[in-house]
Amino acid sequence: MSAIVWNARGLGGRRAFLNLQCLVDESKPCFIFIYESKICSTVASRWASLLHFSSCFCVDPRGRSGGLIIMWNESVSVSLRSYSNGHIDCSIQDYNSSWRFTGFYGNPAHQLRKFSWDLLRRLLGLSSSPSEPWLIGGDFNEIKCNSEKKGGGRRALNLMADFDDVLDELGMRELITLGPKFTWLNKRTGRGRIWEKLDRFVANDSWCERFPNAVVSNGDFYGSDHRAIKIRLLDRNMKEGGTISKRFMYENKWQLETGYKEAVQEAWAEGGTGSKLVDRLNSCSRKLQTWASENSGGI
């Protein structure tokens, strides 16, 4: 299963909807959290239906800014826990487990961002248990260090420290991320161009133990100035699509057996020259599982 968070920068026009439709068609997420939607709940419900999502929940914008939406399909059950202009907090029931997801939008004004961090602290106090698996995704409107910024002036150390502090208090860590480093572009040219990493997924240890193979990828802009951020979720016992699988365990002795080298070469070549490393590794693990069961007495 997969999910997406995305700062759409407005979904009111036809072109914006077509961009969203392209994103959903390409990624096929179980749920998507959209911030800066700038559309009301009536329009959001219509868009969700057209995109073949079974349900949605919307926080209406204030005037011409803001607005949050979460849309989901029938492969997951979403139960609302709380919401505000800066977050939607819910419980997710998937094919195998229950866990917590918070879609988050940090205040874009740095002098008001402390209220966003205080909101996260309050949400921590609402956890059902200290060990509840918890994933947070969205636009935090802050960077963790100046290497997450290219162009423009350097970020004040105290602002980045405040962000790090709240993540530490929540016990959150960033997940492995593939693709371009920066998620926001101010769309200026020349010396005025600025790139920053504002959008991300973070999770606590319990969630990471539940989904040890989760991978985040920074996608395209789809007409926004923010990239869409996708997370692919596989827990330790599940394949994509929800079927049970054995955990892959590599055996060094396979290297001595006939057919091992050919199986690896065939799996590595299946994706072609454009395949990402993680796809090639997954192909190799699947191929070796099949090869071992047929030639080496199983795994």
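Keep in mind the model is a prediction, meaning the values are calculated, not measured.

> Any chance you could break down the overall build of the chain for me, citing the residues and the numbers?
Along its length, the chain carries 7 helices and 16 strands. Put simply, 63% of the contacts in the chain that link residues at least 6 apart link residues at least 24 apart. Of the accessible surface of the chain, which amounts to about 15100 Å², a share of 49% is contributed by carbon and sulfur atoms.

> Just give me the short version of the pairing of strand S6 (residues 87-93), but keep the residues and values in it.
Of all 7 residues in S6, 5 are buried, a share of seventy percent or more. Taken together, the 7 bridges between strand S5 (residues 77-84) and S6 define a ladder with antiparallel strand orientation. Note that in S6 the partner of Ser82 across the bridge is Asp89. Joining the antiparallel neighbours S5 and S6 is a turn of 2 residues. Strand direction decides the pairing type here: S6 and strand S7 (residues 98-105), joined by 7 bridges, are antiparallel. Note that in S7 the partner of Cys90 across the bridge is Phe101. Taken together, S6 and the strand that follows it, S7, pair antiparallel across an intervening segment of 4 residues.

> Talk me through the pattern of salt bridges; I want residue IDs and the actual numbers.
Taken as a whole, this structure holds 14 salt bridges when the rule is applied. Measuring nitrogen to oxygen at the nearest pair gives 2.7 Å for the salt bridge that ties Arg100 to Asp89. Here Asp89 lies in strand S6 and Arg100 lies in strand S7, a separation of 11 residues in the sequence. Comparing Arg100 with Asp89 shows no difference in burial state: the two are buried. A salt bridge links Glu196 to Arg155; the nearest nitrogen and oxygen atoms lie 3.1 Å apart.

> How would you explain the sheet that holds S5 if you had to name every residue and give the values?
Read across the open sheet, the 6 strands follow the order S5-S6-S7-S8-S14-S10; overall the sheet is mixed. Strands with a single pairing partner mark the edges of an open sheet, and in this sheet they are S5 and strand S10 (173-174). The strands touched by helix H3 (residues 113-125) within the sheet are S5, S6, S7 and strand S8 (134-139), with S7 carrying the most contacts at an inclination of about 165 degrees.

> Now, about the packing of H3 against helix H4 (residues 157-170): what can you tell me, with residues and values included?
Viewed as axis vectors pointing N to C, H3 and H4 meet at an angle of 5 degrees, and their least axial separation amounts to 10 Å. With respect to their mutual orientation, H3 and H4 come out roughly parallel. In this structure, H3 uses Trp117, Leu120, Arg121 and Leu124 to contact H4, whose residues at the interface are Asp162, Phe163, Val166, Glu169 and Leu170. Its residues assigned to classes, the contact of H3 with H4 shows 6 nonpolar, no polar and 3 charged.

Rules and cut-offs
- Residues numbered from 1 in each chain as written.
- Predicted model: local features only at pLDDT ≥ 70, side-chain atom pairs only at ≥ 80, totals over all residues.
- Heavy atoms only, no water.
- Helix = DSSP H or I, 4+ residues; strand = E, 2+ residues; numbered from the N terminus.
- Contact = heavy atoms within 4.5 Å.
- Areas by Shrake-Rupley, 256 points an atom, 1.4 Å probe, with all protein chains shown as cover.
- Buried < 20%, exposed > 50% of the residue type's maximum accessible area, 1.4 Å probe, protein only.
- Pairing = 2+ DSSP bridges.
- Salt bridge = Lys/Arg side-chain N within 4 Å of Asp/Glu carboxyl O.
- Axes fitted to C-alpha atoms, helices over the stretch in contact; angles between N-to-C directions.
- Parallel < 35°, antiparallel > 145°, perpendicular 65-115°, else oblique.
- Nonpolar A, V, L, I, M, F, W, Y, C, P; charged D, E, K, R; others polar.

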